[in-house]
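As a plain string of letters, each chain reads:
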Amino acid sequence: QTELKELAINSVKVLGFTTGVFHVELKYTSNTGPQLIEVNARLGGGPVRECNRLVWGVDLVEEAIFCALGIPARPYSPPTPNTCIGYTFVNAQKSGKLT
């Protein structure tokens, strides 16, 4: 996890960002170690906000507002997660209308 966290932080910094909320996707493989997938200067979509709020106690929308207003955003993050969350998306086999 340390390698992934360092890659995420360094990826944002190398793009020149110093404040804000970012969506960074990475993966870790036994062959190549940490690999960057994407960096976006925005909140993550779907359940990302709620997952962060429940697991780490950090509201990303609140932090984004603080950054936009010039209020320092350094939210408390517990040393261990508050809970564990899993989710999945089920894709439809074809387009159409549910009845």
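The coordinates are above.
Residues numbered from 1 in each chain as written. Predicted model: local features only at pLDDT ≥ 70, side-chain atom pairs only at ≥ 80, totals over all residues. Heavy atoms only, no water.

1. Some thoughts on the packing of aromatic side chains
The full count for this structure, using the stated rule, is two aromatic pairs. On the numbers, 5.0 Å between centres and 50 degrees between planes, the contact of F17 with F22 is tilted. Here F17 falls in the partly exposed class, since its relative accessible area comes to 33%. The class of F22 is partly exposed, set by a relative accessible area of 22%. Judged by centre distance (5.7 Å) and plane angle (75 degrees), the ring pair of Y87 and F89 falls under edge-to-face. (Phe/Tyr/Trp six-rings, centres within 6.5 Å; stacked < 30°, edge-to-face > 60°. Buried < 20%, exposed > 50% of the residue type's maximum accessible area, 1.4 Å probe, protein only.)

2. Some thoughts on the environment of G70
Within the secondary structure layout, G70 lies in the segment after α3 (60-68). You can call G70 exposed: its relative accessible area is 61%. For the pair G70 and T19, spaced 51 residues apart in sequence, the C-alpha separation works out to 9.0 Å. (Helix = DSSP H or I, 4+ residues; strand = E, 2+ residues; numbered from the N terminus.)

3. Quick notes on helix α1 (residues 2-14)
If you check α1, its first and last C-alpha atoms are 18 Å apart, about what 13 residues at 1.5 Å a residue would give, namely 18 Å. Restricting attention to buried positions, one finds in α1 the residues A8, S11 and V12. Taken down its axis, α1 places every buried residue within 95 degrees of arc, on the same side. Across α1 from its buried face, at more than 90 degrees, point the exposed residues T2, K13 and V14. On its buried side, α1 packs onto β1 (23-29) and β2 (33-40). Backbone geometry just after α1 places G16 at a positive phi near 95 degrees. (Expected span 1.5 Å × (residues − 1). Arc of directions from axis to C-beta. Contact = heavy atoms within 4.5 Å.)

4. Some remarks on a nonpolar patch on the surface
Residues L54, I85, Y87 and F89 make up a contiguous nonpolar surface patch of about 410 Å² in total accessible area. Inspection of the secondary structure assignment puts I85 in the segment after α3. By relative accessible area, I85 is classed as partly exposed at 34%. (Patch = residues over 30% accessible without salt bridge, like charges linked within 9 Å, V, L, I, M, F, W, Y side chains within 5 Å. Areas by Shrake-Rupley, 256 points an atom, 1.4 Å probe, with all protein chains shown as cover. Salt bridge = Lys/Arg side-chain N within 4 Å of Asp/Glu carboxyl O.)

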